[in-house]
Amino acid sequence: MVGVVGTVYPILPGSILIPSLAWAWILGSSASWTFGIVAAGLAIAGLSASAVLTGRSLRREKVTRGPIMAGVVGAIIGFFVLPVVGLFIGFAVGLFASQWARLKDGRAARASSVNALKTMGLGIIVRAAV
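**Describing the packing of helix α4 (residues 65–81) against helix α5 (residues 85–103)**
A pair of packed helices can be characterised by two numbers: the angle between their axes and the separation between those axes. Where α4 contacts α5, the two axes come as close as 6 Å, and the packing angle between them is 145°. Two packed elements cross with a definite hand, and for α4 against α5 that hand is right-handed. Contacts from Gly66, Pro67, Ile68, Ala70, Gly71, Val72, Gly74, Ala75, Gly78 and Phe79 of α4 reach α5 at Gly86, Leu87, Gly90, Phe91, Gly94, Leu95, Ser98, Gln99 and Arg102.

Written out as structure tokens, the structure is:
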């Protein structure tokens, strides 16, 4: 159950953590438990690295949680308006609209939004690599 939730809701490292720990539990040997613990450590390190890299860059760009949440709402709306592709377009539009409302400057909002999208993409890549 935790693995499924971790795959859908990417706060929990479900992609590698749960299968490796399940395998260790099923086999029960010291080698399988060693592998499971190492895999869990790598999953947690990847999640931490992703959070640190993303958080640091977003703070540097002065992107607060409000625009990120607006992007998430935009992504949900976009997903239903344009299935699959609308998720990404909706997030970008929601992030930009919120930044524009907050900064009152279109160019600054665009630059900030593009940098935030790059940063979040980097975080996703780092998390997926580990």
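Back to the write-up after that little detour.
**Regarding α4**
A rise of 1.5 Å per residue sets the reference length of α4, with its 17 residues, at 24 Å; its end C-alpha atoms lie 24 Å apart and thus fit the reference within 8%. All of the buried residues in α4 are Pro67, Ile68, Gly71, Gly74, Ala75 and Gly78. Down the axis of α4, the smallest arc covering the buried residues is 115°, so these residues share one side. What points out from α4, more than 90 degrees from its buried face, is the exposed set Arg65, Met69, Ile77 and Phe80.

**Quick look at the packing of aromatic side chains**
By the definition in use, this model includes two aromatic pairs. On the basis of an interplanar angle of 40° and a centroid distance of 5.4 Å, the ring pair of Phe96 and Trp100 is categorised as tilted. One end of the pair, Phe96, and the other, Trp100, are both in helix α5, four residues apart, so they sit about a helical turn from each other. On the accessibility criterion, Phe96 (27% relative accessible area) is partly exposed. The partly exposed category is assigned to Trp100, whose relative accessible area is 46%.

**Examining the nonpolar core**
Ranked by size, the top nonpolar core spans seven residues in total: Leu58, Val63, Ile68, Ala75, Phe91, Leu95 and Ala116. Mapped onto this core, the elements with two or more residues apiece are α4 and α5. Once residues lying within four places of it in the same chain are set aside, the contact partners of Val63 are Leu58, Ile68, Leu95, Gln99, Arg102, Ser112 and Ala116.

Parameters and conventions
- Starting afresh in each chain, residues are numbered from 1 along the sequence in its written order.
- With pLDDT at 70 or above as the cut-off, local features in this predicted model cover only qualifying residues; side-chain atom pairs require 80 or more to be listed or tallied, and sums for whole chains, interfaces and linings still use all residues.
- Only hydrogens and water are removed before side-chain values are computed, so all heavy atoms of the structure are retained for them.
- Axis angles are defined between N-to-C directions and span 0 to 180 degrees, where every axis is a line fitted to C-alpha atoms and, for a helix, only to the segment in contact.
- Secondary structure is summarised from DSSP: a helix means a run of H or I of at least four residues, a strand means a run of E of at least two, and numbering begins at the N terminus for each.
- Note on convention: the crossing is left-handed when the near helix lies turned anticlockwise from the far helix by less than a right angle, right-handed when the turn is clockwise.
- Contacts are residue-level and defined by heavy atoms, with any inter-residue pair within 4.5 Å sufficient.
- Expected helix span is given by 1.5 Å per residue-to-residue step, counting one fewer step than there are residues.
- Partly exposed residues are those whose accessible area sits between 20% and 50% of the maximum for their type, while under 20% is buried and over 50% is exposed, using a 1.4 Å probe and protein chains only.
- Think of it as the arc spanned by the lines of direction from the helix axis to the C-beta atoms.
- Aromatic rings from Phe, Tyr and Trp, taking only the six-membered ring of Trp, are treated as a pair when their centres fall within 6.5 Å; an angle between ring planes under 30 degrees marks them as stacked, one over 60 as edge-to-face, and anything in between as tilted.
- Residues belong to a common nonpolar core when they are buried Ala, Val, Leu, Ile, Met, Phe, Trp, Tyr or Cys residues joined through side-chain atoms within 4.5 Å.

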